[in-house]
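Working through the structure, step by step
Read off the chains here:
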Amino acid sequence: MVVQDDTISSGEPEKTESVPVVPEQAKIFTVEILHMIKDAQQQHGLRHGDFQRYRGYCTRRIRRLRKALKYPQGDKRHFKRRDVTIGQLTGKKADERFFHIPLISAERAWAYAMQLKQESNTEPRKRFHLISKLRRACFYALQLQELCNTEAFDARTKLECEAYVAWMHGSLHFELQLWKTAGEHLKRAQVVYENLAKALPDDEQELYRAKVNEFTPNLRYCAYNISGGATSGGKIDEILELRAQGVLENLDVLVSQTKTESSEGLQTIDWRGRKVTVRPEKVRLFLLSAQELDKSLAKATKPDSKIELIERILMDCKDAIQAVRDEIKQDPKLRSLTTGQTVSGVQYLLAYLSYIRHSRTLQRNLCLVEQAKLNFDDPNQQSQQNVGDGKRVRSQDLARLYEIILQNVTEMQQINGMEDDAQYQAEVENLAITFKAFRCYYIALTLIDMKKWKEAVALYERASNYATEALKGRASAEFQLQAELKKVVSTIEGCKFSAHAYSVLEDDNSEEAGTTTKAQKTTKPLYERLSLYKEDQSLHTKTPNVFKLTPDMEPIPCKPLFFDLAMNYVELPSLEDKLESPGKKAGGVTGFVKGFLGWGGGGGNK
């Protein structure tokens, strides 16, 4: 039985008012991906390079997100994978936090990979696990990009997601040593971040520009490997600078790979007119790096970067010297070197490496002096402008640095095998005289600060003599200091007379002060010098020296002491008759008792 509606049965159409339906506007999310992950990294371990702590934070964050969004992956007993889809980001129940799940998952996998990278230095097998985790991070990054390609996100979020995915893939290919694709991905990420920085306000550009600068070392290293490495001499400078920045952790292996062809041609060295064969491979690689160091130092502008480059080459020099010493220990004939004996090739190579170590150390110390002079205000240089922002450097600090340099020069003179080289000894001796001149100059400045004018004049004179002698001697070809010596000589000429004038003025003032003090100051009270007129300022004070109230102590004879020595020889009279006998004393007491009681006495019989 079918029941029809009345309106239908009557055949009359239903009259209803037409209400316009307004479609619901879709939500558009804005997620600052780089800003969010940088804040999380700085707050949870990466400020100190603790990737394990950051990985634990990402795990807890994902768990909290899935619990809050009621989007778990199965129950307590069974696991059922549930990836985030576009359905959770559109509609009435759309929530931005769904987007955070794949992002934090990618960060967790990346942090685990970086932790394994640190551990792979001692355990090479962990590199396989590292690659696996980077692939997992790229998988989550692709999920993130798939979600961003919809209309649920604005243009900024899409650009940041594109740069993030490119960076993640570039990191993976960099570890896989796929240099071409790694460079392409990293360059894409760099370009996107540069465009974002230009489009954002000034207060938000700093973070993106810092991220752009992070890509530069990796991009240069990819370009270096793509170009063939050792085929270009200029590329070796770049890898040395990358090493100074700490980008390459396994540089010893990379240097040996990229310089093998060049080191094969470096079989002999020519130093001071003698050729020596270089057999240890480690020494050949070091010598090749030492030859390219000067080019890297020429490119460096700040003293800090120069010092860092030199210190790293000094560490390699130490290893090369140890390799030569090990070779000498294996040959008993080379262990001892007698006077007058010709230096063998291996010992001459050791002397050459020792010279490199001392000369580079001297170069490092000169860079320290240059850095210290930036914050030193020389009173003799009126036109000098103190451009340094660091701690003020005193003249005694510079004198101490030159003292260390002189110790280094002394070690250069004592290199085994170079004692009989007269030309070498003359150059090093001239170098020592040069640094003695600089040391005496800064010690003189220290004495001037202490108002010791005569001593300062003497040290100025000695510094001038040292500088003149150094200019006449044999200059070192490696350390050109003649210009600085001439400048010191011209400066000392004026400073010496100025210090001498101050010393004369000080002597005059001291003599005048001495006469006035002798005439005015006295210790006698006023009543003892009434016949003399002297201006005594102490009379106007609260304790005037008028009369000495407390008299001076005068010595007087002590009270005599009497000792009774005659007592031992005096005979005293006998007192026995004065004493009562014990018997008489007992009877008297008994009679007294008898008489008192009335019995026992003789009176009763009468």
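Throughout this description, residue numbers start from 1 for each chain and increase along the sequence as written. Local features are withheld for residues below a pLDDT of 70 in this predicted model, meaning they are given only at 70 or higher, and side-chain atom pairs are given and counted only at 80 or more; totals for whole chains, interfaces and linings count all residues. As a convention, hydrogens and water are excluded, and side-chain values are obtained from all of the structure's heavy atoms.

Looking at an unreviewed UniProt entry, one finds the chain named Signal recognition particle subunit SRP68, with Drosophila kikkawai as its source organism. The record in UniProt for the chain states the following under Function (unreviewed entry): "Component of the signal recognition particle (SRP) complex, a ribonucleoprotein complex that mediates the cotranslational targeting of secretory and membrane proteins to the endoplasmic reticulum (ER). The SRP complex interacts with the signal sequence in nascent secretory and membrane proteins and directs them to the membrane of the ER." UniProt positions are given in the numbering used here, feature names are shortened, and annotations may be inferred rather than shown by experiment. Recorded under Sequence similarities (unreviewed entry), the UniProt text for the chain is reproduced unchanged: "Belongs to the SRP68 family."

The next point concerns helix α17 (residues 453-472). In this model, α17 (20 residues) spans 29 Å end to end at C-alpha, consistent with the 28 Å of a helix rising 1.5 Å per residue. Turning to α17, its buried residues number three or more, namely Trp453, Ala456, Val457, Leu459, Tyr460, Ala463, Ser464, Ala467 and Ala470. Looking down the long axis of α17, one finds its buried residues gathered within 165° of arc, a one-sided arrangement. Turned more than 90 degrees from where α17 packs its buried face, Lys454 and Lys472 sit exposed. Strands are runs of DSSP state E lasting at least 2 residues, helices are runs of H or I lasting at least 4, and numbering of each runs from the N terminus. Take the residue count of a helix, subtract one, and multiply by 1.5 Å to get its expected span. Burial classification: accessible surface area is computed with a 1.4 Å probe over protein chains only, and a residue below 20% of its type maximum counts as buried, one above 50% as exposed, and the rest as partly exposed. It is the directions from the helix axis to the C-beta atoms whose arc is reported.

By rolling a water-sized probe across the atoms, one finds the places where empty space is left. In the cavity and pocket records, a cavity denotes points on a 1 Å grid over the protein atoms alone where a 1.4 Å probe fits but cannot get out, a pocket denotes an open set with protein on both sides within 12 Å along at least 5 of 7 lines, and lining residues are residues with an atom within 4 Å of a point. Grid points are joined across faces, edges and corners, and a volume is the space filled by probe spheres set on the points. All chains considered together, the criterion is met by two cavities of 30 Å³ or more. Elements represented by at least two residues in the lining of the second largest cavity include exactly α16 (422-449) and α18 (482-520). Residue contributions to the lining of the second largest cavity peak at three residues, all from α16. Residues belonging to the lining of the second largest cavity are distributed by class as follows: five nonpolar, four polar and no charged. Gly is put with the polar residues, along with every residue not named as nonpolar or charged; the nonpolar set is Ala, Val, Leu, Ile, Met, Phe, Trp, Tyr, Cys and Pro, and the charged set is Asp, Glu, Lys and Arg.

What follows concerns a positive patch on the surface. Patch definition: residues above 30% relative accessible area lacking any salt bridge, with like charges linked at up to 9 Å and the nonpolar side chains Val, Leu, Ile, Met, Phe, Trp and Tyr linked at up to 5 Å. Under the convention used here, a 1.4 Å probe and the Shrake-Rupley method define accessible areas, while residue burial counts only the protein chains that appear. Between Lys or Arg on one side and Asp or Glu on the other, a salt bridge is scored when a side-chain nitrogen of the former is within 4 Å of a carboxyl oxygen of the latter. When charges are counted, neither His nor the chain ends are considered; positive counts come from Lys and Arg and negative counts from Asp and Glu. The atom standing in for a charge is NZ when the residue is Lys, CZ when it is Arg, CG when it is Asp and CD when it is Glu. Judged by side-chain charge, Arg53, Arg60, Arg63 and Arg64 come together as a positively charged surface patch. In this structure, arginine 53 sits in helix α3 (residues 51-68).

The next point concerns the environment of lysine 27. Mapped onto the fold, lysine 27 is located in the loop between α1 (6-10) and α2 (33-43). Separated by 67 residues in sequence, lysine 27 and alanine 94 place their C-alpha atoms 7.6 Å apart. Whether two residues are in contact is decided by their heavy atoms, any of which lying within 4.5 Å being enough. Setting aside residues up to four positions removed in sequence, lysine 27 forms contacts with Lys92, Ala94 and Ala152.

Another aspect to go through is the nonpolar core. Think of a nonpolar core as a cluster: buried Ala, Val, Leu, Ile, Met, Phe, Trp, Tyr and Cys residues, connected wherever their side-chain atoms sit within 4.5 Å. Counting 75 residues, the largest nonpolar core has Phe286, Leu287, Leu353, Phe435 and Tyr460 as the members making the most contacts within it. For this core, the secondary structure elements donating two or more residues are β1 (268-271), α12 (281-299), α13 (303-330), α14 (345-373), α15 (395-413), α16, α17 and α18. The greatest single-element share of this core, amounting to 15 residues, is contributed by α16. Segmentation into domains, and thus their bounds, comes from an automatic or database assignment. There are two domains that each give this core at least three residues, and those are domain 2 (265-376) and domain 3 (414-507). Among residues more than four places away in sequence, those in contact with phenylalanine 435 are Leu362, Leu366, Tyr402, Ile405, Leu406, Val409 and Leu481. Counting residues in each nonpolar core, the second largest holds 61 residues, with Leu46, Ile62, Phe153 and Leu219 among its members.

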